[in-house]
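Topology and contacts: notes
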Amino acid sequence: MNYSSQVEAEQALVGVLSGKSGDNPFPIFEQLRQIGSVVQLPFPMGETNNRAWVVTHMEEALKVLKDQDHFCVDPKSIDRNSTIKESLTGSSDSAGSNMFLTNSLNAIDQPDHRRLRALVSKAFTPRYMEGLRPRVQELADELLDQVQDRGEMDLVKDYANLLPINVISDMIGVPKSDHSLIHKWSEGIANGLGVGTVDPKTAENLKDFGNYIKQLTEDKRKQPSDDLISQLISIEEQGDRLDEAELISLVQLLIFAGHETTSTLISTGTLLLLDHPEQLEILKADLSLVPSAVEELLRFHGPSTTAGPRYALKDLELSGQEIKKGDMVFPLLKSANRDERQFENAEELDITRGIKRHLAFGQGVHMCLGAPLARVEGNIAFTTLLKRMPNLQLNVPREDVHWKFKLAAQSLASLPVKF
Ligand code: HEM
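First, a word on scope: everything that follows refers to the structure included in this document. (Residues numbered from 1 in each chain as written. Predicted model: local features only at pLDDT ≥ 70, side-chain atom pairs only at ≥ 80, totals over all residues. Heavy atoms only, no water.)

Details of the overall build of the protein chain
- Looking only at helices and strands, the protein chain features 18 helices and 14 strands.
- Sorting the 419 residues of the protein chain into buried and exposed places 54% on the buried side. (Helix = DSSP H or I, 4+ residues; strand = E, 2+ residues; numbered from the N terminus. Buried < 20%, exposed > 50% of the residue type's maximum accessible area, 1.4 Å probe, protein only.)

As structure tokens, this is what we get:
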């Protein structure tokens, strides 16, 4: 793929972000990196006159993610009456979408973010997530037990999609009989949200999801147990607590943010290994390389194309571009992770690379809260799969495996394998 002009490359990029592009966005990213570290998108932001930019290189993406003096995640931090978000997503105060989209941890700025993150971090510690290891192992084994004798499975539907949702549902105390409901809502919401797209069914899913979590938290208040919701209810930080709306929004976010992304890591990671048989052989020969392989898979083709949009709090210059107050900036994580200034042979998958840093979990104050859990799940998912099914191979011609696009991310619709 070669784009003869900047305009063509930018339009292709709009296709990637809105989910209408082809299977492989990396040639577009490579071309964009050649055009510049900060590239203007060829469309205005919703009904406003502010401009939108993408950040293509790691150094500049880090600046945007870390610099809270110049960038925020909530346009209301620039102007309390801002309608930027509503005009972009089409969402207003209706049908429960408001709380989910605008008040959750990932969408609020300081000082509220610091307060909420400190509270949730008291319960959701790296040590707690590491302690979930035996349960994650049990859930991974349970799933593979169900298909082992069949000699084949759809790795997406039978394994990758189920492990993270079972882990999170278990962790927050959703009864097993309701795991499929949570799965349905979470998937419906992920399918319905995207940059510039809103599915009419999304509001309905958000409402049902919200009502369910509300009921669940009420039940946990009356009858606490050893799950995460009960812990979140009981935590206090310097006399401060999570209120009802914060608690519901946080639980929804944990489910939503932790499900699709981790499923995608497992399914696309497996496909990438099958696509690189020499790497798969190295890994099978030494499963202690799995943690390093997980980091490389996250770098090479991590689940999130971009971090959430940032908004300029004031006029500034970034890599020679004049960004105006209110402009929207997308740090393109998948492009920064292929930055040839940072990685040798950036376009090659090398599971022995021993990466020091990648941006698949973002950076700065909003860096992924669940990264330690995602790593535990990824490590167990790949180790268990390769240990139990060492002859894993595709069960359909490679050209029949299709990527699908959701919420500016890429995943697989299905991955038939035999073993
Ligand atoms: C491979 C799996 C995962 C990937 C690639 C991933 C990626 C990300 C990224 C890129 C961000 C930052 C977004 C931004 O700055 O705009 C983020 C934030 C977040 N993630 Fe993850 N995530 C994963 C798994 C999880 C899991 C398992 C959980 C929880 C169960 C989780 C919970 C969160 C939360 C709560 C935030 C918001 C943090 C904040 O704003 O302070 N994620 N994630």
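Considerations on the site of the ligand
- Neighbouring residues of the ligand: 28 residues in total, closest His-113, Arg-117, Arg-310, His-366 and Cys-368.
- The separation between an oxygen atom of the ligand and a polar side-chain atom of Arg-117 is 2.8 Å.
- With respect to the ligand, the backbone of Gly-308 contributes an N or O atom lying 2.8 Å from an oxygen atom.
- Elements that contribute at least two residues to the shell around the ligand include exactly α6 (112-123), α14 (244-275) and α18 (371-388).
- Looking at the shell around the ligand element by element, the count peaks at seven residues for α14.
- Of the residues belonging to the shell around the ligand, the class tally is 16 nonpolar, ten polar and two charged. (Near = heavy atom within 4 Å. Polar contact = N/O pair within 3.5 Å; in protein donor to acceptor, adjacent residues only side chain to side chain. Nonpolar A, V, L, I, M, F, W, Y, C, P; charged D, E, K, R; others polar.)

A few points about the sheet that holds strand β2 (residues 52-55)
- One open sheet accounts for five strands, arranged β1-β2-β10-β7-β3; its pairing is mixed. At either end of the open sheet lies a strand with only one pairing partner, and these are β1 (38-40) and β3 (71-72).
- Sheet topology places β3 next to strand β7 (residues 310-312); two bridges connect them, and they run antiparallel. The residue of β7 that forms the bridge with Phe-71 is Ala-312. (Pairing = 2+ DSSP bridges.)

Regarding unusual backbone geometry
- Between Gln-110 and Pro-111 the backbone carries a cis peptide bond, its omega angle lying at 0°.
- Topologically, Pro-111 is positioned in the loop between α5 (97-102) and α6.
- Even without being a glycine, Ser-319 presents a positive backbone phi close to 50°.
- Considering the arrangement of structural elements, one finds Ser-319 in the loop between β8 (316-318) and β9 (321-323).
- With a phi angle near 45°, Asn-345 is a residue other than glycine that sits in the positive phi range.

Focus: helix α12 (residues 200-222)
- The end-to-end C-alpha distance of α12, which contains 23 residues, comes to 35 Å, matching closely the 33 Å that a straight helix rising 1.5 Å per residue would cover.
- Among the residues making up α12, those that are buried are Thr-202, Asn-205, Leu-206, Phe-209, Gly-210, Tyr-212, Ile-213, Leu-216, Thr-217 and Lys-220. (Expected span 1.5 Å × (residues − 1).)

Quick notes on the side chain of Arg-338
- Tracing the backbone through its elements, the reader meets Arg-338 in the loop between α17 (333-336) and α18.
- What makes Arg-338 buried here is its relative accessible area of 3%.
- In this structure the side chain of Arg-338 is engaged in a polar contact, spanning 2.8 Å, whose partner is the backbone oxygen of Phe-300.
- For Arg-338, the contacting residues outside a window of four places in its chain are Phe-26, Arg-33, Arg-299, Phe-300, Ala-346 and Glu-347. (Contact = heavy atoms within 4.5 Å.)

Things to note about the pattern of salt bridges
- Per the counting criterion, the structure on display carries 22 salt bridges.
- For Arg-51, the salt bridge goes to Asp-327, with nearest N and O atoms at 3.1 Å. Placement of Arg-51 in the loop between β1 and β2 and of Asp-327 in the loop between β9 and β10 (328-331) is noted, with a sequence separation of 276 residues between them.
- Between Glu-138 and Arg-135 there is a salt bridge, and its shortest N-O distance comes to 3.0 Å. Taken together, the residues span about one helical turn, with Glu-138 and Arg-135 both in helix α8 (residues 133-148) at a distance of three residues.
- Given a relative accessible area of 44%, Glu-138 falls into the partly exposed group.
- Classification of Arg-135 as partly exposed rests on a relative accessible area of 26%.
- Several salt bridges share partner residues, and in doing so they unite Arg-33, Arg-338, Glu-340 and Glu-347 into one network. (Salt bridge = Lys/Arg side-chain N within 4 Å of Asp/Glu carboxyl O.)

Some points on the packing of aromatic side chains
- Per the stated rule, a full pass over the model turns up four aromatic pairs.
- On the numbers, 6.2 Å between centres and 40° between planes, the contact of Trp-185 with Phe-209 is tilted. With a gap of 24 residues between them, Trp-185 in helix α11 (residues 179-192) and Phe-209 in helix α12 connect regions that are remote in the sequence. Both residues of the pair, Trp-185 and Phe-209, count as buried.
- For the pair Trp-185 and Tyr-212, a centre-to-centre distance of 5.6 Å together with 55° between the ring planes defines the contact as tilted. Of this pair, Trp-185 sits in helix α11 while Tyr-212 sits in helix α12, and the two are 27 residues apart along the sequence. In this pair, the class of Trp-185 matches that of Tyr-212, namely buried.
- The lysine or arginine in question, Arg-338, covers the ring of Phe-300, its NZ or CZ lying 3.8 Å from the ring centre. (Phe/Tyr/Trp six-rings, centres within 6.5 Å; stacked < 30°, edge-to-face > 60°. Lys NZ or Arg CZ within 6 Å of the ring centre and 35° of its normal.)

Concerning the layout of surface pockets
- When its volume is computed, the second largest pocket comes out at roughly 150 Å³.
- Lining the second largest pocket are 15 residues, and of these Gln-68, Phe-71, Cys-72, Val-73 and Asp-109 lie nearest its centre.
- Elements with a contribution of two residues or more to the lining of the second largest pocket: α3 (58-66) and β3.
- Within the lining of the second largest pocket, the residues separate by chemical class into seven nonpolar, four polar and four charged. (1 Å grid on protein atoms, 1.4 Å probe; cavity = no way out; pocket = protein on both sides within 12 Å on 5 of 7 lines; lining within 4 Å. Points joined across faces, edges and corners; volume = space filled by probe spheres on them.)

Topic: empty space enclosed by the protein
- The full count for this structure, using the stated rule, is two cavities of 30 Å³ or more.
- The space that makes up the second largest cavity amounts to roughly 40 Å³.
- Around the second largest cavity sit Leu-132, Arg-135, Val-136, Leu-139, Val-167, Asp-170 and Met-171, which together line it.
- Every element with two or more residues in the lining of the second largest cavity is listed here: α8 and α10 (162-172).

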